Every structure is written in C-alpha cells, then in structure tokens.
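Notes for the structure review
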Amino acid sequence: MTGLGAVFRPQNPPERLRAVARVAEESGLEQLWLWEDCFLESGIASAAAALAWTERLRVGIGLLPVPLRNVALTAMEVATLDRLFPDRLVLGVGHGVQEWMGQVGARVESPVTLLGEYLDALRALLAGERVTTSGRYVQLDDVALDWPPFAPPKIYAGARGPRSIRLCGSHADGTLLDSITDADGVRAARKLIDEGRAAAGRTGAHPVVANLLAVTGPDAKARLAAARTPKHAPGAGVAGDAHAVAAAVLELAEAGADSVIIQPTGDEPDPEAFVRFVAEEVRPLV
C-alpha cells in the first residue's frame, strides 16, 4: 500500500497546528508533514508539539536546512524526539533555499559537499557512534550522543538537481521529492538514486517520498494554476475531487514513490478540512 500523508504548511499560524494534528490522528491519516521554511516556523518545535498532541500519527519534517543547523545540534534534537516518541518522527534534511541561507549568513559555496558531509556525520551520530571528522564544512572532534536513539532512524534528504538526487542515493536512507516533480521526474529520480546507491555499495531499501500539490473544490483549477510556478514539471499538481487526486497519487506510486504527501496551496482556507479530505476521501481510493 502506498503511504499517504498531508502537509501542514507554515503559512498557517503555529497555533492552528494542534487542531490539524488532532484531526489527522482522529481521521486515521498516517503522516502529517511540516516544513521549516524561513522565516515562518521551526520544524523541530512544531514536530515536538504535534507528536505530543497525538498518540499514533507519524510526523515528518520536510525538511531542515543543513546550513542553518550544526549537525551535532540536529542529532541531539532528533535523538531526543525519537526516544520520546519512538518510530514516529520522519526527518528530512536538505540544502535549504539558497536566498534564505544568504539572508542569515549561512550560504556555502558547495551545498552538495555540505549535504554529503552532514548526512554522513548525522547518520553516524544517530547510530551511536563517536565521530571525529574534519570536512570542508562539517567538523566534529570526538562527539557522541549520551542518549542516542534506541535504533538509528532513517534520515531522508530532499533534492531537486541530478547531483543532489544522486547524492541522496549514496548518503541518505531515503529521498524527498518536492511538488514540482511529476511522475516522469520520479522515474528519473529513481534512476539517479540507484546510481548513487550502486556507487556507494548500498543495497538496503531506499524509500522515496513524493509531494503532490492538490486542490479541490469548485475553483480548484484556477487555484492550482495560480499556485504553479515555472519550476513545476508539466504533469505536477492536480485539481479536482478525491478520484482525481487519488489517480494522481497512484501515478506517482507507479513511477516509484513509496509514499505520497498531499500538499495544499498556501491559501488553503481550511487546513483541518483538507486533512480530513485526504484521510477520509482519498485514502480509500489508493
């Protein structure tokens, strides 16, 4: 069965998250995903709250921008959440939006190099290893977590460009693809991921999470058109009822996505109703 989730976008005020998380839990949704977009809301703080307000719901962060966060701090926060809420946090990390990284003085010359070094160090720390490394960007001297996770969690990486997607295969445990990607993009990403895995000698499963921009309601087509950008692939996004959205989910799944996270537009007026729509109307069709 294809994993299914929905996004609580940070364009919503933080105080609205509690109601959305509870609707997600009560309606049987498997995953609720959060974003750490500058300068809206913290991914870690939001995830901690959503996990505490629910009992079963898996909460994803898609994604933490690595230039903004020291890898030891990320490891400490993820380990703490994983021990408090075992197997319920899904962590994604990535380059971050370069313009935003520049605004805070964190932009680096080679985002791909940073992400590779960061993933290696983060996965080692969360596996309970003692890490010393002196990379171009990531430097640790005899660092180990006192309270590592009981079992190392999967670390996902988000990417768009070919080099970054290939790096996800070689350095991450899974890949996040954003909503500009259509089914053809998922197929192409799978090929690049497999190239990266083969180059690194990795043979384990590598889940792919695809995001789907979806709009429903009487003005769905107009709202989708307004939300699309020149970066969106021709087949990315869907407007229509539950059957149309489910068909788009299945198309991404057939292309190689293990999970599909349905993303509302930034102007979605009722995020609680959107989550209920995904859980109660779309899920039975996929």
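The following paragraphs examine the structure supplied in this document. (Residues numbered from 1 in each chain as written. Predicted model: local features only at pLDDT ≥ 70, side-chain atom pairs only at ≥ 80, totals over all residues. Heavy atoms only, no water.)

Now for the layout of surface pockets. Where empty space is left becomes clear once a probe the size of a water molecule has been rolled over the atoms. If you add up the space inside the largest pocket, you get close to 1100 Å³. For the largest pocket, the lining is made up of 37 residues, of which Asp37, Leu63, Val97, Arg160 and Asp178 are closest to its centre. Those elements that place two or more of their residues in the lining of the largest pocket are strand E2 (31–34), strand E3 (58–65), helix H4 (98–103), strand E8 (174–177) and strand E9 (208–215). Among the residues forming the lining of the largest pocket, the class breakdown is 16 nonpolar, 15 polar and six charged. The computed volume of the second largest pocket comes to approximately 300 Å³. Arg58, Asp87, Leu89, Val90 and Lys154 are the residues nearest the centre of the second largest pocket, which is lined by 18 residues in total. Where the lining of the second largest pocket is concerned, the elements lending two or more residues are E2 and strand E4 (89–94). (1 Å grid on protein atoms, 1.4 Å probe; cavity = no way out; pocket = protein on both sides within 12 Å on 5 of 7 lines; lining within 4 Å. Points joined across faces, edges and corners; volume = space filled by probe spheres on them. Helix = DSSP H or I, 4+ residues; strand = E, 2+ residues; numbered from the N terminus. Nonpolar A, V, L, I, M, F, W, Y, C, P; charged D, E, K, R; others polar.)

Another point: the nonpolar core. Soluble globular proteins tend to pack their nonpolar side chains together in the buried interior. In terms of nonpolar packing, the biggest core is built from 80 residues, with Val93, Leu122, Val245 and Ile262 touching the most fellow members. Setting aside residues up to four positions removed in sequence, Ile262 forms contacts with Leu4, Gly5, Ala6, Val7, Leu212, Ala214, Val245, Val249, Phe274, Val278 and Val282. One finds Val7, Leu63, Leu176 and Ile261 within the second-largest nonpolar core, a separate group that totals nine residues. (Core = buried A, V, L, I, M, F, W, Y, C linked by side-chain atoms within 4.5 Å. Buried < 20%, exposed > 50% of the residue type's maximum accessible area, 1.4 Å probe, protein only. Contact = heavy atoms within 4.5 Å.)

Turning next to the pattern of salt bridges. Applying the stated criterion to the full structure yields 17 salt bridges. Among the ionic pairs, Arg190 bridges to Asp258, the shortest N-O distance being 2.5 Å. In this pair, Arg190 is assigned in helix H7 (residues 183–200) and Asp258 in the loop between helix H9 (242–255) and strand E11 (259–263), connecting sequence segments 68 residues apart. In this structure, the salt-bridge partner of Arg223 is Glu268, at a minimum N-O distance of 3.5 Å. With Arg223 in helix H8 (residues 220–227) and Glu268 in the loop between E11 and helix H10 (271–282), this pair connects stretches of sequence that are 45 residues apart. With relative accessibility at 14%, the residue Arg223 sits in the buried group. (Salt bridge = Lys/Arg side-chain N within 4 Å of Asp/Glu carboxyl O.)

Before going further, it helps to spend a moment on a nonpolar patch on the surface. A cluster of nonpolar side chains, contributed by Phe39, Leu68 and Val104, occupies part of the molecular surface with about 270 Å² of accessible area. In this fold, Phe39 is placed in the loop between E2 and helix H2 (43–53). Of the residues examined, Phe39 reaches a relative accessible area of 52% and is grouped as exposed. (Patch = residues over 30% accessible without salt bridge, like charges linked within 9 Å, V, L, I, M, F, W, Y side chains within 5 Å. Areas by Shrake-Rupley, 256 points an atom, 1.4 Å probe, with all protein chains shown as cover.)

For the rest of this paragraph, the subject is the side chain of Arg197. Relative to the assigned elements, Arg197 resides in helix H7. Exposure remark for Arg197: the relative accessible area of 16% places this residue in the buried category. Polar side-chain contacts of Arg197 include one of 3.4 Å to the side chain of Asp194. In this structure, Arg197 is in contact with Gly169, Ser170, Arg202, Thr203, Gly204, Ala205 and His206, ignoring residues within four places of it in sequence. (Polar contact = N/O pair within 3.5 Å; in protein donor to acceptor, adjacent residues only side chain to side chain.)

Turning next to the pairing of E8. Side chains Gly174 and Leu176 of E8 all project onto a buried face; the interleaved residues Thr175 and Leu177 project onto the opposite face, where all are buried too. Pairing between strand E7 (residues 155–158) and E8: three bridges, direction parallel. Paired with Tyr156 across the two strands is Gly174, which belongs to E8. With respect to chirality, the unit in which E7 leads through helix H6 (residues 162–171) into the neighbouring parallel E8 is right-handed. (Pairing = 2+ DSSP bridges. Right-handed = clockwise from strand over helix to strand, strands pointing away.)

With that out of the way, let us pick up helix H3 (residues 71–84). Structural remark: α-helix, 3.6 residues per turn; residues separated by three or four positions point the same way. Taking 1.5 Å of rise per residue, 14 residues should cover 20 Å, and H3 covers 20 Å from first to last C-alpha, within 8% of that figure. When we look at burial in H3, the residues that qualify are Val71, Ala72, Thr74, Ala75, Val78, Ala79, Leu81 and Asp82. Where H3 is buried, its residues contact H2, E3, E4, helix H5 (111–126) and strand E6 (139–143). One side-chain oxygen at the N-terminal end of H3 lies 2.8 Å from the backbone nitrogen of Ala72; it belongs to Asn70. (Expected span 1.5 Å × (residues − 1).)

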